[in-house]
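Commentary on secondary and tertiary structure
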Amino acid sequence: DTGVSQNPRHKITKRGQNVTFRCDPISEHNRLYWYRQTLGQGPEFLTYFQNEAQLEKSRLLSDRFSAERPKGSFSTLEIQRTEQGDSAMYLCASSNPTPYEQYFGPGTRLTVT
Amino acid sequence: AQRVTQPEKLLSVFKGAPVELKCNYSYSGSPELFWYVQYSRQRLQLLLRHISRESIKGFTADLNKGETSFHLKKPFAQEEDSAMYYCALNIAGNTPLVFGKGTRLSVIA
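Across the boundary between the two partners, chain A contributes 23 residues, which contact 17 residues of chain B. A buried area of about 1600 Å², summed over both sides, lies between chain A and chain B, and 52% of it is on carbon and sulfur atoms. Broken down residue by residue, the surface that chain A buries against chain B is led by Pro43(A), Tyr100(A) and Phe104(A), which jointly contribute 38%. Remark: the boundary between chain A and chain B carries 0 salt bridges. For the interface between chain A and chain B, the tally reads 6 residue pairs in polar contact (both at pLDDT 80 or more). Of all the secondary structure elements, the ones that give two or more residues to the side of chain A that touches chain B are strand E4 (31-37) and strand E5 (44-50) of chain A.

This is the structure we're talking about:
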């Protein structure tokens, strides 16, 4: 296990299309987080899971966004009917309670044309 | 709502000069503060956290609750310190982080 992985690394899509990203956390980590980062900004929280339970969703997560972590392992983030404003880097992180530290993946860069 | 402010977008210093990256936060309780770093073409990684009170790669940061600050300091900058630095806040362990906008540190040889 070499850390948090995310696929794909890059995604270019046309406006109106649906996209899905995958995150594989560090195997023993029970918490998984999704963040979004746009140019010139720090990462902004979207949603997070403890095992398979989704604990919190940010107001940034519109109805077009949905996230799952079906077996408490990998997670998917789907964006429906993409808009140009969805263009961003989508980051995934995972953690365990002790010692608490969030480990980040490399991110998926989404470009909506 | 919690907020983290990093007033400088870019900080340029000469090699060997002292560095201070500023971070201020707004939160009425007792937060946990972190500094994350992102080197070129690498993922975001934890640099240090206030609870551990340790020095990593020569960097230190002290939490000043009176000034609500958590500035990152290093006495002598090295070229390999050039990176993007993010200050982040957490209000309860193992919950989502609130990040600042980041400061790009450029160390000039």
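This part takes up the environment of Phe76(B). Residues and elements named next belong to chain B. Looking at where Phe76 falls in the secondary structure, it is placed in the loop between strand E8 (72-74) and strand E9 (83-90). Judged by its relative accessible area of 55%, Phe76 falls in the exposed class. In sequence terms Phe76 and Gly16 are 60 residues apart; their C-alpha atoms lie 4.4 Å from each other. Apart from residues lying up to four places away in sequence, Phe76 is in contact with Gly16, Ala17 and Asp81.

Now for the state of the cysteines. Scanning all chains against the criterion turns up 2 disulfides over all chains. Between Cys23(A) and Cys92(A) runs a disulfide, and the two sulfur atoms are separated by 1.8 Å. Handedness of the Cys23(A)-Cys92(A) disulfide follows from its S-S torsion of about -65°: it is left-handed. Of the two residues, Cys23(A) is situated in strand E3 (residues 19-24) and Cys92(A) in strand E9 (residues 88-95); the sequence distance between them amounts to 69 residues. Each of the two residues, Cys23(A) as well as Cys92(A), counts as buried. Across the disulfide from Cys23(B) sits Cys87(B); the S-S distance is 2.0 Å. Classification of the bridge connecting Cys23(B) and Cys87(B) rests on its S-S torsion, roughly -65°, and on that basis the disulfide is left-handed. Highlighted residues: Cys23(B) in the loop between strand E3 (19-21) and strand E4 (24-26) and Cys87(B) in strand E9, separated in sequence by 64 residues. You can call Cys23(B) buried: its relative accessible area is 0%.

Definitions and limits used
Residues numbered from 1 in each chain as written. Chains lettered and ligands numbered in written order. Predicted model: local features only at pLDDT ≥ 70, side-chain atom pairs only at ≥ 80, totals over all residues. Heavy atoms only, no water. Contact = heavy atoms within 4.5 Å. Buried area = accessible area lost by both parts, 1.4 Å probe. Salt bridge = Lys/Arg side-chain N within 4 Å of Asp/Glu carboxyl O. Polar contact = N/O pair within 3.5 Å; in protein donor to acceptor, adjacent residues only side chain to side chain. Helix = DSSP H or I, 4+ residues; strand = E, 2+ residues; numbered from the N terminus. Buried < 20%, exposed > 50% of the residue type's maximum accessible area, 1.4 Å probe, protein only. Disulfide = S-S within 2.5 Å.

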